[in-house]
Each structure stands twice: as structure tokens, then as C-alpha cells.
Amino acid sequence: MQTSTSSAASLTLTAAAVLALSSSLAHAQDVQTVRIAHAGPTSGGIAHIGKDTENGVRMAIDDINAQALVIGGKKIKFELAPEDDAGDPRQATAVAQKLCDSKVAGVVGHLQSGTTIPASSIYNKCGIPHITAAATNPDVTKRGFNTTYRLIANDNSLGAALAYFANDTLKIKTVAVIDDRTAYGQGLADVFKATAEQRGVQVVANEYTTDKATDFTAILTSIKSKKPDAIFYGGLDAQAGPLLRQMMQLGLPNVKLFGGDALCTEKLPELASLSDNLVNVTCATGGASVQKMQGGPEWKKRYDARFPGQFQIYSPYAYDATFVLVDAMKRANSVDPQVYVPFLSKTQFKGITANIAFTPKGELSTPAVTLYSFKGKARVALN
């Protein structure tokens, strides 16, 4: 039997089409989806802070995907796995277990020390690395898990810096201390108190509240009788705002208010209803101001264009944390946590927040601290 020329050509074209389709399918199969999680409070009283860090991770993932990375011989597409821990330790552990079970490649989170500490044990058991861009209690890294890292200074640095500034610069002689009994608030207050007392500052009152409180009348009435020069509040902006308003109402307009990074948010003026005593606030963050970060100003322009009015404080660190995870994957040539986790401890990454390297415990090798105050609605760096 003889095949016509047209039939032969048709068979050749068909074969070529099949080969092209097979090649296309094989090419598509070479793309591997890798999920990086954000875990933090995206509901509740501090949802504005949690959403800010989630925005940082989301922005990083988009920027990384634009690089069309190939890791382990496969094109990698990163996806965000967002989880809301509502700022609750029990929910945080449930979220951590869920992320372990779903085998995400890494986690940026959690936001608070009280959620990060219990969640870190779960991540360590399942071998998934997490980098917190916000939790500052030293206990976060004390256990030495090779899966736990922190991208900002801890409370030892923040509390001490505030105590030094209170005594050396503002000449504070007496202070009342309030904390919200969380791992974050209490830990920060303890460091401030110890350092202040070492500097000769008299602590005239120790008071306690919760991270859900809104009425501080009884506490402030008791403190007022002690006539302190300042109040230190270990807690979140959601409580510090009402606290500032009530300080004005109860005749404490000139008493200074000190606090940690959770008071240094863009939302504090709103939460305080632009109370006149906002100018008396001094707060500390574990890193440079975004204006002084090596990549901060340009990054902030891009952030504001994409998420107008949502910037708070931690999103640059969450952005860098995502890149640090991916950088370790690139150096390990693997997205498998079991393979790339050892590479995290050897990080030497030039981020937008700083040049990032870690101590053997997972702390930043060279943490910075920035002090802030407020003028009207504006947060202003003091150093």
C-alpha cells in the first residue's frame, strides 16, 4: 500500500502537534506550588497590626514570584496561606497544627509573644521553620529551636532602651508600671522596671490589667495618688489609646507614657482620639525607622500604593522574613523544610530592614532599636 504525500505530511504534522502538547504538559508539570503561611491576628482589637504583617508577606510573595525562581530543577510558584490566630494562644496552637498538617513550607508569624511561644513548640515538632517579625519576649528563642527565628530586637533591648531614655534624657525620677499580664506585656514591663531601678528610678506602683481592658479608671486613680513622673505600659495600642484618654480625664495630662513596639503604631493617635497627651508618649521598636531602613523609603511607597492607609509597623519585617525563608530554599536548592532549615542559621541576607544574620539562638546578630514619639497624627523617630 502506498501513502500519499498529503497523508504523510498530515501524519507528520499530527506527530509534531502531539510532541508539542506533550512538551507543554511536561513544562506545566515542572511548576511546583509552594505555600508560605502568615499567622497572626487578622480579627479582633489588633487586627490592624496583623493585617499589616500579612500585607508584608503578600507583597513579598508577589515580588519573589516575579523572579521566576527555579529551585530543585522546578519552576516555583509561591502562594500565601493566611491564618488568623485572633491573638489567642489556644487558637495560635490550633493554627500551628493546621499548618503542620497541611505541610506549608514555612511560616511568618506569630505576632505576639503569647501566641508565638506555644506555636513555636508545634512548629519545632513537625520541622517547619517560622520567623516572627514582631514577638519580642526573650523566651521565644530561649529553647534554641532550629526552626524559630526573630527579625527584630527583643524585650531586653527595648525595655532597657526605654529605661535609659527615661532616666538619662527625660530625667524621670518616679514611674508607675502597668502590664497586661501577657507574655509580651509582662516581659517588657519586667525588663523596663529592672533597668529603671538599676538607674535609680523609683517604681512607685505596680498595676495589672488585661489585653482586653478598656476602663483604666481605678488603676489610674490609684496611680494618681503616688504622683509619678511617668507611667510605663506593657501592652498593646488597643489599650494604650483609651489609657491616654483617661489619663487626660483624670488630671494626669503631663505624666509621660512609655511603652514598647506595640504602642508605636500608626493607629495609636486614632485609638487615643488625638488626645493632647500623645506628645508625652515614648515607645521603642526593634529596628530602624522605615525612613532609615536601607530599602525602606522606596519600599514604603510601593506598600502605600498597594495598601493605602494600612501601614502600621511590622510589615517591612514580615516582607524580609518571607525573603529570608526563600533565600534559604535557594541556597539549599530545595523547598523541603527538612532540607533547607539548616541553611537558615547561615543566613547572610541584605533585606530592606537591615543586613540579616542570626545568632545560634535565632536572634538577629545586630539588632537595632528606634525610639518614637507622636506629633498630632504623625509618629516621629527620636533617634
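Model, not experiment: these values are computed from the prediction. (Residues numbered from 1 in each chain as written. Predicted model: local features only at pLDDT ≥ 70, side-chain atom pairs only at ≥ 80, totals over all residues. Heavy atoms only, no water.)

A.B. asks: Explain the sheet that holds strand β2 (residues 70-71) here, please?
C.D. replies: In space, the 6 strands of this open sheet follow the order β2-β3-β1-β4-β5-β6, with mixed pairing throughout. The two strands at the open ends of the sheet, each matched to only one other strand, are β2 and β6 (148-150). Inspection of the sheet shows strand β4 (residues 106-109) paired to strand β5 (residues 130-132) by 2 bridges, in the parallel sense. Note on β5: the bridge partner recorded for Val 107 is His 130. (Pairing = 2+ DSSP bridges. Helix = DSSP H or I, 4+ residues; strand = E, 2+ residues; numbered from the N terminus.)

A.B. asks: Help me out: how do you make sense of the state of the cysteines in this one?
C.D. replies: A complete count under the given rule lists 2 disulfides for this structure. Between the sulfur atoms of Cys 100 and its disulfide partner Cys 126 the distance amounts to 2.0 Å. Looking down the S-S bond of the Cys 100 and Cys 126 bridge, the torsion is -55°, so its handedness is left-handed. Of this pair, Cys 100 sits in helix α3 (residues 89-101) while Cys 126 sits in helix α4 (residues 113-126), and the two are 26 residues apart along the sequence. The disulfide bridge from Cys 264 ends at Cys 283, spanning 2.0 Å between sulfur atoms. Torsion about the S-S bond of the Cys 264 and Cys 283 cystine: about 125°, corresponding to right-handed handedness. Remark: Cys 283 occurs in strand β11 (residues 281-285) and Cys 264 occurs in the loop between β10 (256-259) and α10 (268-271); sequence separation between them is 19 residues. A single burial state applies to Cys 264 and to Cys 283, both of which are buried. Here the disulfide map of the chain reads 1-2, 3-4, the bonded cysteines being numbered as they appear in the sequence. (Disulfide = S-S within 2.5 Å. Buried < 20%, exposed > 50% of the residue type's maximum accessible area, 1.4 Å probe, protein only.)

A.B. asks: What is the right way to read the nonpolar core from this model?
C.D. replies: The tendency in soluble globular proteins is for nonpolar side chains to be buried as a group. Among the nonpolar cores identified, the biggest contains 99 residues, and Phe 78, Ile 231, Phe 232, Met 247 and Leu 257 are the most heavily contacted of them. Split by domain, this core shows at least three residues from each of two domains, domain 1 (31-153 + 291-367) and domain 2 (156-286). Ranked by size, the runner-up nonpolar core spans 13 residues in total, among them Ala 39, Ala 81, Ala 96 and Val 104. (Core = buried A, V, L, I, M, F, W, Y, C linked by side-chain atoms within 4.5 Å. Domains from an automatic or database assignment.)

A.B. asks: Would you explain helix α2 (residues 47-65) in this entry?
C.D. replies: Because each turn of an α-helix spans 3.6 residues, side chains separated by three or four positions in sequence point in the same direction. Taking 1.5 Å per residue, 19 residues should reach 27 Å; α2 reaches 27 Å between its end C-alpha atoms and fits that length. Of all 19 residues that make up α2, 14 are buried, and the element is covered over most of its length. (Expected span 1.5 Å × (residues − 1).)

A.B. asks: Just to check I follow, could you spell out the side chain of His 130 for this structure?
C.D. replies: Within the secondary structure, His 130 sits in strand β5. By relative accessible area, which is 0% here, His 130 ends up buried. Residues contacting His 130, with those up to four places away along its chain left out, are Val 107, Gly 109, Thr 116, Ser 120, Tyr 123, Thr 147, Thr 148 and Tyr 149. (Contact = heavy atoms within 4.5 Å.)

None of this, on its own, says anything about what the molecule does.
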